Amino acid sequence: MIIKNVRILGGEAADIRIEDGVIAEIGTSLDGDHVVDGQGAIALPGLVDLHTHLREPGREDAETVLTGTQSAARGGYTAVHAMANTMPVADTAGVVEQIWRLGQEHGYCDVQPVGAVTVGLEGRQLAELGAMADSAARVRVFSDDGKCVDDAVLMRRALEYVKAFDGVVAQHAQEPKLTKDAQMNEGVVSGRLGLAGWPAVAEEAIIARDCLLAAHVGSRLHVCHVSTAGSVEIIRWAKSKGWNVTAEVTPHHLLLTDELVEESPVGSYNPIYKVNPPLRTHADVEALRAALADGTIDIVATDHAPHPVEDKETEWAAAAMGMIGLETALSVAQESMVDTGLLDWAGVAERMSAAPARIGRLTGHGRPLEVGSPANIVLYDPTARTEIKPDMFASKSRNTPYEGISLPGKVVATFLRGKATVLEGKLA
Ligand SMILES: [Zn+2]
């Protein structure tokens, strides 16, 4: 198969020949039996998400491995890490193997399960980390995401344990007592609206503690969904010490602020904007963008968190926290980072494909688009523009925060080891 006329990382137009799922040749005027016209689209390595909620098993009303990986493919992803907060929790070899196999069977996107750090996400005893690492799913990322491993001794033990198999603990940094009943970012807007605040210090205190623990133990720490300027400063300091700390930011924290809770295209107090960690201030958004640009924050991770309508379209206090994001992530990255001049497309490829694959130890993903690499490729048209409507997505859920907003760019095609999962913007 030949993909004609694509601009690799936004460079000069070229053709890519794919044979047996691998990039066999890159050149001009290549010919073959089966030709896909790239129409001048940008070619990036297939995106890798380190933070996806697929909801299966247990909440198939919100998402399944099938619909979640279809959503991922539509967003340009060829691999996603499935978070462990399913029902049952992914805290045993049996559950992670089940999720991994479902991904293989459906074939839209590789599914790499994340293992829970503690049994049942209950924060009391370590889960079978070694058994999950040794399973067919070869788990390397462990997280209680949705909950914080707030017990310092347990966190230390988890960091020690994962060293044996080069694993990483991905922490959802939220000091629970500082965020009890919290509804949105603690600040000027929460004060005006009378909603209980989620202070920045609740995130920053845990990140600081965990950086110190990771350094003490000599282990790998990954910080999920960094949302405050103060967190960026702490991570910058930890990296300056040479400690093995990586961090992610979500698309929504790169673009949206807490002011949307007060006034937005979909009204005020709309729980579509309720998310954990909460949307923060303009100053935080600016700091997060700068940190992603300078490498303090390593990657963009979606925190794709599907919820059924009845869990979101309710009063603010009762609504579930979370937003879907797989199908808009690349567009939001373009809007916030590329169109602002902060990153070029090579920078996007590093932060949305190469680096997340490295952190997750996925050897078959995130490789440069060169001869010999697996043909995991996304073709993206940055000149397109779309007004977002909740019913346009492959995800089973509709809780997008971008309704009524116009975003740039469109995923034209996605290839997983040479097989098209998306063509002409539609599932293949
Ligand atoms: Zn989380």
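First, a word on scope: everything that follows refers to the structure included in this document. (Residues numbered from 1 in each chain as written. Predicted model: local features only at pLDDT ≥ 70, side-chain atom pairs only at ≥ 80, totals over all residues. Heavy atoms only, no water.)

A few points about the state of the cysteines
Simply put, disulfide is the name for a covalent bond between the sulfur atoms of two cysteines.
Stage number 1. Here the structure, examined in full by the defined rule, presents zero disulfides.
Stage number 2. No disulfide involves Cys-211; its sulfur sits 13 Å from that of Cys-148, the nearest cysteine.
Stage number 3. By relative accessible area, which is 0% here, Cys-211 ends up buried.
Stage number 4. We note that Cys-224 lacks a disulfide partner, and the nearest cysteine sulfur, in Cys-148, lies 9.9 Å from it. (Disulfide = S-S within 2.5 Å. Buried < 20%, exposed > 50% of the residue type's maximum accessible area, 1.4 Å probe, protein only.)

A look at the coordination of the zinc ion
Stage number 1. Taken together, the protein ligands of the zinc ion are Asp-145 (OD), His-172 (ND1) and His-225 (NE2), with distances of 1.9 to 2.3 Å.
Stage number 2. Assessed through its relative accessible area of 2%, His-172 is described here as buried. (Donors = N, O, S within 2.8 Å, 3.2 Å for Na, K, Ca; no water.)

Considerations on the pairing of strand E18 (residues 419-423)
A regular strand places its side chains so that they alternate between the two faces of the sheet.
Stage number 1. Direction of pairing for strand E17 (residues 406-416) relative to E18: antiparallel, over a ladder of three bridges. By the bridge assignment for E18, Leu-416 is matched with Lys-419.
Stage number 2. Connecting the antiparallel pair E17 and E18 is a turn made up of two residues, with Arg-417 showing a positive phi of about 45°.
Stage number 3. Note that E18 and strand E19 (residues 426-427) share two bridges and pair antiparallel. Considered in E19, the bridge of Leu-423 is made with Lys-426. (Pairing = 2+ DSSP bridges. Helix = DSSP H or I, 4+ residues; strand = E, 2+ residues; numbered from the N terminus.)

Here we look at the packing of aromatic side chains
Stage number 1. The tally for this structure, following the rule as stated, stands at four aromatic pairs.
Stage number 2. Note on Phe-142 and Phe-165: the rings are 5.8 Å apart at their centroids and 55° apart in plane angle, and the pair reads as tilted. In this pair, Phe-142 is assigned in strand E9 (residues 141-142) and Phe-165 in the loop between helix H4 (152-162) and strand E10 (168-171), connecting sequence segments 23 residues apart.
Stage number 3. In this structure Phe-142 comes out as buried when scored by relative accessible area, which is 0%.
Stage number 4. With centroids separated by 5.1 Å and ring planes inclined at 80°, the aromatic side chains of Trp-237 and Trp-243 adopt a geometry described as edge-to-face.
Stage number 5. The partly exposed category is assigned to Trp-237, whose relative accessible area is 37%.
Stage number 6. Through a chain of ring-to-ring contacts, three or more aromatic side chains come together here, namely Phe-142, Tyr-161 and Phe-165. (Phe/Tyr/Trp six-rings, centres within 6.5 Å; stacked < 30°, edge-to-face > 60°.)

So, the sheet that holds strand E14 (residues 245-249)
Stage number 1. Taken together, five strands build an open sheet; the order of strands is E9-E10-E13-E14-E15 and the sheet is parallel. Sheet topology places E9 and strand E15 (299-300) at the edges, where each strand pairs with a single neighbour.
Stage number 2. Of the pairings in the sheet, the one linking E10 to strand E13 (residues 221-223) comprises three bridges and is parallel in character. Residue pairing across strands places Gln-171 opposite Val-223, the latter belonging to E13.

Looking at the nonpolar core
Stage number 1. If you look at the biggest cluster of nonpolar residues, it comprises 77 residues, and the most contacted ones within it are Phe-142, Ile-297, Leu-330 and Met-352.
Stage number 2. In terms of residue count, the dominant contributor to this core is helix H6 (residues 200-217) (six residues).
Stage number 3. Counting residues in each nonpolar core, the second largest holds 19 residues, with Ile-272, Val-275, Val-332 and Tyr-402 among its members. (Core = buried A, V, L, I, M, F, W, Y, C linked by side-chain atoms within 4.5 Å.)

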